[in-house]
Amino acid sequence: MASCSESAIDYKGGKVFLRRGGSGQPLLFLHGAGGIPAWLPYLDRLSDRYDVIAPDHPTFGQSDEPGWVEKVDDLAYFYLDFIKEQGLENVHLVGQSLGGWIALEIAVRSTHSLASLTLVGAAGIRIKGRPAADLFIMDDEELARALFKSDALAEQMLAMEPTEEQQDIVLKNKVATARLAWQPRLFNPALRKWLHRIDVPTHVIWGDSDRIIPPDYAGEFGGLIEGAEVTMIEDCGHLPNIERTDAFIDAVTGFCDRHAA
Amino acid sequence: MKITMFHLMPYAHMDMALRARHKSAWVTYPNSDFDPKKGAALYNRYLDELELAAELGFDGISVNEHHQNAYGLMPSPVVMAAALSRRTENCKLAILGNAFALREHPLTLAEEHAMIDCISGGRLITGFVRGIGAEFWSLAANPTTSHERHVEAHDLIVRAWTETGPFAFEGKHFHFEYVNVWPRPYQQPHPPIWCPSLGSTETIEWAAHPDRRYVYLQNYSPFESVSRFLNFYRETCEKTYGYTASSEQLGWTAPVYVADTDERAVAQAKEHIEALFNKFLALPFEVLFPPGYLGMSSYKRVRQHKRSIAGDQTLEKMMELGIVIVGSPDTVRERILHCHRELGFSNFIALLHFGTLPADLTERNIRLFAREVMPALQPVGDEAYRGFERVAAE
């Protein structure tokens, strides 16, 4: 796997683990419920053009589990502090799934340091009658099959034999996700009414066969956020960065380059 | 020994063909299978069975709480205890238990329990439980904060029962400007609190604390686990808290079936006990242990042992493990006395109806147990217990 640096920053007495690679304009990648197991090819390819910063959210992955993380709001305030403390400006903020929800909560509070916002299969709102799938009630096999359009990818994921450390992190991420998103399931009822505050170029990317958060949500976000562009990725499930890496990279970099600010 | 009859009140008419198409009888098992007319008859039959136990001299009768399932039709055990409070005179009414912290407003349960305690003239036993994992799906409660909410709800209700109000309760999860519960409980300082559990060292350490000394009840477990957890309670009191636990602080709950011979008991109970475990109780691992319900190390332990409540138990295996007690009056009596000699618990809770056991067999079971088994158990005290010193020495 290509290179990134790994480090930990201190925040309110706890450690936040982050991976960072590449150079250029900062691109802050906020991971989804499953976390970031490694510096995967999609991060590496983004780092060809940007200074990619990919933290493990506090309570996830290799980050500590501080008591102050109770709601997605808490992570939004954390990332606003993080951006300020790291001196980041003109940030391309990319959030996937749960990370998309966090990105939205950041952006409705302040877009001061953002150049653009990219949402990939984002959680955070609810369309009545179109719930997201219940990640928690699925067993491992059901989850793998729901995540990908391609059965072969699901098989590949199921065939992996994670180490004990990796299993611990999977479990930790599941608990961390439940803490934030068990009730209401994967959304904040108050978020929708503030989405009009988002005043940076916004790009909504969705797999056209997403079985976790239905593709209808792409159009819903597109309508709620003024001027948002929507890109549907064909033959793709909930994780375009994994399932359709080329199309994902093209979509993200194409949009971010046009809005380099 | 105090003997309590416990009832789960299952929906015994569950459509087994429909059940076979679902992973469990819980949470998402469709309530179209509940026929209100059949349900009405069942509720009244089950209440009759508990009232019969009260007449026959049981020390207590007991109900509990489960939501959105066919395993136990008592989302509010308070309703059942209220019905029983006016139809019984001397026996204890044990709610084993109520999950206070599943509610946004646990104070409402503190009020209702105080009402039952007053109506019954101080016969209430309050079972204080967190709720099994399945409830967190049904009541949309977050499992990751369940433990701290449970402890905080306890502090709220005990203060509401023991301190005169009004006072403000300023917790992390619960906030009340005016805590001033009317009525106050009949029993002072408050009704006894029991802690039923499927086996949790955290619960034991909490219940055994010298400020609480609550009764710990081990439910549905192989006798080996019953021994481990009850002895852990005594050991915790001895080593951690520096006092000697009384046998009144310990109890055990088990399904019991008595018939005139061992063979007949097994033949009559088999189908219905197996239905209890394999059809009504069986739960997928994910539903039984939602994320954060257990701490990391406990979760890993249960996952390793695949201790989901699996659906493939046989009566013979459960008898061998000592999860259930089935046999002639002699067999059942000797078994319970033997277990008491080993562990010295002062409370035995008998589940005398289970699964699909029909009314005639249930009534016969209650009567036989009351006539042939219970009289030998009730007089037994610590003199029959071999003593914790000997357990500790081993």
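Throughout what follows, the structure given in this document is the object of discussion.

About the cut-offs
Residues numbered from 1 in each chain as written. Chains lettered and ligands numbered in written order. Predicted model: local features only at pLDDT ≥ 70, side-chain atom pairs only at ≥ 80, totals over all residues. Heavy atoms only, no water. Helix = DSSP H or I, 4+ residues; strand = E, 2+ residues; numbered from the N terminus. Contact = heavy atoms within 4.5 Å. Core = buried A, V, L, I, M, F, W, Y, C linked by side-chain atoms within 4.5 Å. Buried < 20%, exposed > 50% of the residue type's maximum accessible area, 1.4 Å probe, protein only. Buried area = accessible area lost by both parts, 1.4 Å probe. Salt bridge = Lys/Arg side-chain N within 4 Å of Asp/Glu carboxyl O. Polar contact = N/O pair within 3.5 Å; in protein donor to acceptor, adjacent residues only side chain to side chain.

Comments concerning the side chain of Asn98(B)
In this structure, Asn98(B) sits in strand β3 (residues 92-98). In this view, Asn98(B) contacts Glu65(B), Pro77(B), Val78(B), Arg103(B), Leu109(B), His113(B), Gly127(B), Phe128(B) and Val129(B); residues no more than four positions away in its chain are not counted.

Description of unusual backbone geometry
Residues and elements named next belong to chain B. Cis geometry marks the peptide bond from leucine 96 to glycine 97, where omega comes out at 5°. With respect to the element layout, glycine 97 can be found in strand β3. Of note, the bond from glutamine 188 into proline 189 is cis; its omega dihedral lies within 30 degrees of zero at 5°. Looking at the element boundaries, proline 189 is found in the loop between β6 (175-179) and β7 (193-197). Even without a glycine there, the phi angle at methionine 9 is positive, about 55°. Structurally, the position occupied by methionine 9 is in the loop between β1 (2-6) and α1 (16-20). Positioned with a positive phi, alanine 140 is a non-glycine residue whose angle comes to about 50°.

Structural notes on the nonpolar core
Ranked by size, the top nonpolar core spans 144 residues in total, and within it Phe58(B), Tyr233(B), Phe348(B) and Phe369(B) carry the most contacts. Not counting chain neighbours up to four residues away, the residues in contact with Phe369(B) comprise Ile3(B), Phe58(B), Val256(B), Val258(B), Val332(B), Ile336(B), Phe348(B), Ala350(B), Leu352(B), Met374(B), Pro375(B) and Leu377(B). With 63 residues, the next largest nonpolar core counts Leu88(A), Ile106(A), Phe148(A) and Val204(A) among its residues.

Re the interface of chain B and chain A
Contact with chain B, which involves 18 residues of that partner, is made by 19 residues of chain A. Where chain B abuts chain A, roughly 1600 Å² becomes buried across the two surfaces, and 63% of that area is made up of carbon and sulfur atoms. Taken as a group, Trp137(B), Glu286(B) and Pro291(B) account for 31% of the area that chain B buries against chain A, more than any other trio of residues on that side. Counting every contact that joins chain B to chain A gives four salt bridges. A salt bridge links Lys172(B) to Glu70(A), with the shortest nitrogen-to-oxygen separation between them at 3.5 Å. Where chain B meets chain A, there are eight residue pairs in polar contact (both at pLDDT 80 or more). Considering every element that reaches the side of chain B that touches chain A, the biggest residue donor is helix α11 (residues 296-304) of chain B, with four residues.

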